[in-house]
Amino acid sequence: MNCILSFDIGGTFVKWGIINKSKIIIDDKFSTPQKSLDEFLKEISKIIRRCESKYSLDGLAFSLPGTMNTKMGYIVHGGSLRYFDGINMKEVINRKFNMKCSIQNDARSAAMAELTLGSLQNIDDALVCVLGTGFGGAIINDRKILHGTNLYAGEFSMIVENIDNKKQFLGNLLSVPALVKRAGIVLGINEFSGEELIELVKKGDGRVLPLFDEYLERFVNALISLQFIFAPEKLLLGEG
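Draft legend 1. Local environment of the overall build of the protein chain. Tallying secondary structure elements over the protein chain gives seven helices and 13 strands in all. Its C-alpha radius of gyration of 19 Å places the protein chain within 12% of the 18 Å reference for a compact globule of 240 residues. By its C-alpha atoms, the protein chain is 50 × 45 × 30 Å across when sized along the principal axes. Within the protein chain, the fraction of its 240 residues that count as buried is 44%. Partitioning the intrachain contacts of the protein chain with sequence separation of at least 6 by distance along the chain shows that 53% fall at a separation of at least 24. For the protein chain, the computed accessible surface area is about 13500 Å², with 52% contributed by carbon and sulfur atoms. Seen as two clouds, the 28 positive and the 28 negative side-chain charges of the protein chain have centres 6 Å apart.

Draft legend 2. Representation of the sheet that holds strand β1 (residues 2-9) in the model. Spatially, five strands are ordered β3-β2-β1-β4-β7 in an open sheet, and the strand pairing comes out mixed. The open sheet terminates on both sides in strands that have one partner only, identified here as β3 (23-31) and β7 (101-105). Averaged over all neighbouring strand pairs, the angle between strand axes comes to 20 degrees, with direction disregarded. Two elements, strand β4 (residues 56-64) and β7, share five bridges in a ladder whose sense is parallel. The partner of Ala61 across the bridge, within β7, is Ser102. Sheet strands touched by helix α1 (residues 37-52): β1, β2 (13-20), β3 and β4. Its angle to β1, the strand with the most contacts, is close to 150 degrees. Along the sheet, helix α2 (residues 89-97) contacts β4 and β7; its crossing angle with β7, the most-contacted strand, is approximately 145 degrees.

Draft legend 3. Layout of unusual backbone geometry. The phi dihedral of Arg143 falls on the positive side, at around 65 degrees, and the residue is not glycine. Checked against the element boundaries, Arg143 lands in the loop between β9 (135-141) and β10 (144-145). On the basis of relative accessible area, Arg143 is assigned to the partly exposed category, the value being 32%. One non-glycine residue, Ala231, lies in the positive phi region at around 45 degrees. Along the chain, Ala231 falls in the loop between α7 (209-230) and β13 (234-239).

Draft legend 4. How the structure looks around the packing of helix α5 (residues 176-187) against helix α6 (residues 194-202). Running from N to C, α5 and α6 cross one another at 65 degrees; their axes reach a closest spacing of 10 Å. The pairing of α5 with α6 is recorded here as roughly perpendicular in orientation. The element α5 and its partner α6 pack so that their crossing is left-handed. Counting all contacts with α5, which are made through Leu179, Val180, Ala183 and Leu187, the residues of α6 involved are Gly194, Leu197 and Leu200.

Draft legend 5. Structural detail: the pattern of salt bridges. Scanning all chains against the criterion turns up seven salt bridges. In this structure, Glu161 and Arg218 form a salt bridge, with 3.5 Å as the shortest nitrogen-oxygen distance. Taken together, the residues Glu161 in strand β11 (residues 160-163) and Arg218 in helix α7 connect sequence positions 57 residues apart. Look at Glu161 and you get partly exposed, because its relative accessible area is 24%. Since its relative accessible area comes to 16%, Arg218 is described here as buried.

Draft legend 6. Molecular detail of the nonpolar core. Grouped together as the largest cluster of nonpolar side chains are 33 residues, with contacts concentrated most on Leu5, Phe7, Phe40, Phe62, Phe84 and Met89. The set of elements that each furnish at least two residues to this core consists of β1, β2, α1, β4, α2 and β7. Here this core takes seven residues from α1, the largest share from any one element. Here Phe7 is in contact with Val14, Lys15, Trp16, Ile44, Ile47, Leu60, Ala61, Phe62 and Ser63, once residues within four sequence places are set aside. Phe156, Leu174, Phe192 and Leu226 belong to the second-largest nonpolar core, a separate cluster that totals 24 residues.

Draft legend 7. Region of interest: the side chain of Asn20. Within the secondary structure, Asn20 sits in strand β2. Of the polar contacts made by the side chain of Asn20, one reaches the backbone oxygen of Asn2; its length is 2.6 Å.

Rules used throughout
Residues numbered from 1 in each chain as written. Predicted model: local features only at pLDDT ≥ 70, side-chain atom pairs only at ≥ 80, totals over all residues. Heavy atoms only, no water. Helix = DSSP H or I, 4+ residues; strand = E, 2+ residues; numbered from the N terminus. Rg over C-alpha atoms; globule rule 2.2 N^0.38 Å. Buried < 20%, exposed > 50% of the residue type's maximum accessible area, 1.4 Å probe, protein only. Contact = heavy atoms within 4.5 Å. Areas by Shrake-Rupley, 256 points an atom, 1.4 Å probe, with all protein chains shown as cover. Lys, Arg positive; Asp, Glu negative; His and termini not counted. Charge placed at Lys NZ, Arg CZ, Asp CG, Glu CD. Pairing = 2+ DSSP bridges. Axes fitted to C-alpha atoms, helices over the stretch in contact; angles between N-to-C directions. Parallel < 35°, antiparallel > 145°, perpendicular 65-115°, else oblique. Left-handed = near helix turned anticlockwise from the far one by under 90°. Salt bridge = Lys/Arg side-chain N within 4 Å of Asp/Glu carboxyl O. Core = buried A, V, L, I, M, F, W, Y, C linked by side-chain atoms within 4.5 Å. Polar contact = N/O pair within 3.5 Å; in protein donor to acceptor, adjacent residues only side chain to side chain.

Written out as structure tokens, the structure reads:
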């Protein structure tokens, strides 16, 4: 059985799966290495060894944060994972594992999946917004994903807001881990998860609701602005 081993790399978790003919055979996840590219490659090596004894792997596919030239395999900016900055991912993977490799920005990967197999199959113009460690995006015009002359089209994380006379990036303001961390500080809890935060929000916990409401207001305002700028037929929301 010829398969592709695919990795969805987020700032907090790496989700991976074996894919055959657009079907996910197995899937799992591990915590995203934060320190170095070597640490990241060690984790990838473990998954490859685990899978190649059971499946015939045709290659690897990586969905990553940041800005990249997908044809060349060159990552200009690694987003929340700066150890990807300035590397050629295709060359690194081929040299390390002797395997073919393809890369794509995470939000654009989501857009490609929706265009091919999901809710955008009959849609010409759309926006895909992905919340995670940052605020990723993909712009679809006439069923083509726009990259821009500098490859930064759809990088909604880079939108600048002025908060208390300080310029801040929207990706930092809408970072889900940052929201969870702030809620943990308010609660006096060091180990606190997004799932736990949502449960408290559902219960109407007054300690975290102001933080959550502020976050939602900023997110909705961003969507309103994007809606008026691009006027898409459909706007898809996802989580990273």
